[in-house]
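Single-letter residue listing:
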Amino acid sequence: MTVRLRIILAAIACIAASGCAGTKESSSGARHSVTTSNERGYYKVGQPYEIDGVIYTPAEDWNYDETGIASWYGPDFH
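Below you will find a few notes about this structure.

Parameters at a glance
- Residues numbered from 1 in each chain as written.
- Predicted model: local features only at pLDDT ≥ 70, side-chain atom pairs only at ≥ 80, totals over all residues.
- Heavy atoms only, no water.
- Helix = DSSP H or I, 4+ residues; strand = E, 2+ residues; numbered from the N terminus.
- Buried < 20%, exposed > 50% of the residue type's maximum accessible area, 1.4 Å probe, protein only.
- Areas by Shrake-Rupley, 256 points an atom, 1.4 Å probe, with all protein chains shown as cover.
- 1 Å grid on protein atoms, 1.4 Å probe; cavity = no way out; pocket = protein on both sides within 12 Å on 5 of 7 lines; lining within 4 Å.
- Points joined across faces, edges and corners; volume = space filled by probe spheres on them.
- Nonpolar A, V, L, I, M, F, W, Y, C, P; charged D, E, K, R; others polar.
- Patch = residues over 30% accessible without salt bridge, like charges linked within 9 Å, V, L, I, M, F, W, Y side chains within 5 Å.
- Salt bridge = Lys/Arg side-chain N within 4 Å of Asp/Glu carboxyl O.
- Expected span 1.5 Å × (residues − 1).

## What about the overall build of the protein chain?
Right, so step 1: If you tally the helices and strands in the protein chain, you get one helix and two strands.
Right, so step 2: Listing the helices and strands of the protein chain from first to last along the sequence gives α-β-β.
Right, so step 3: Here the protein chain holds 78 residues, and the buried ones make up 3% of them.
Right, so step 4: Total accessible area computed for the protein chain in this model is approximately 8100 Å², and 56% of it derives from carbon and sulfur atoms.

Written out as structure tokens, the structure reads:
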């Protein structure tokens with residue numbers, strides 16, 4: 001085998017092996033984790049707030065169903 005062929009085969013092997021690593025992602029690029037029966041989400045509703053004289057009051061809406069990507073870093077990162 002020539003050196004060039006060995007380099008090409010090594011590169012192909014590296015590319016093939018890299019497909020085995022990592023986490024599962026959806027078509028949007030979001031990573032998903034497995035939720036057990038003990039780990040359920042919870043409903044977080046904020047306090048009322050005012051913008052330009054209009055008061056908005058967040059409320060629970062158990063029929064609301066939306067999928068997307070979000071993050072919250074908590075008070076330690078403010």
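## Overview of the layout of surface pockets
Right, so step 1: Its boundaries defined by the atoms lining it, the largest pocket holds a volume of some 230 Å³.
Right, so step 2: What lines the largest pocket is simply Gly68, Ile69, Ala70, Ser71 and Trp72.
Right, so step 3: By residue class, the composition of the lining of the largest pocket is three nonpolar, two polar and no charged.

## Let's talk about a nonpolar patch on the surface
Right, so step 1: On the surface, a cluster of nonpolar side chains totalling about 490 Å² of accessible area is made up of Met1, Leu5, Ile8, Leu9 and Ile12.
Right, so step 2: Locating Ile12 in the fold gives a position in helix α1 (residues 3-18).

## Things to note about unusual backbone geometry
Right, so step 1: Positive phi values are uncommon outside glycine, yet Asp52 reaches one of about 50 degrees.
Right, so step 2: With respect to the secondary-structure elements, Asp52 resides in the loop between β1 (49-51) and β2 (54-56).
Right, so step 3: Using a relative accessible area of 78% as the deciding quantity, one classes Asp52 as exposed.

## Quick look at α1
Right, so step 1: Given a rise of 1.5 Å per residue, 16 residues ought to cover 22 Å, and the 23 Å separating the end C-alpha atoms of α1 matches this to within 8%.
Right, so step 2: Within α1, only zero of the 16 residues are buried, which leaves the element largely exposed.

That is the geometry; function is a separate question.
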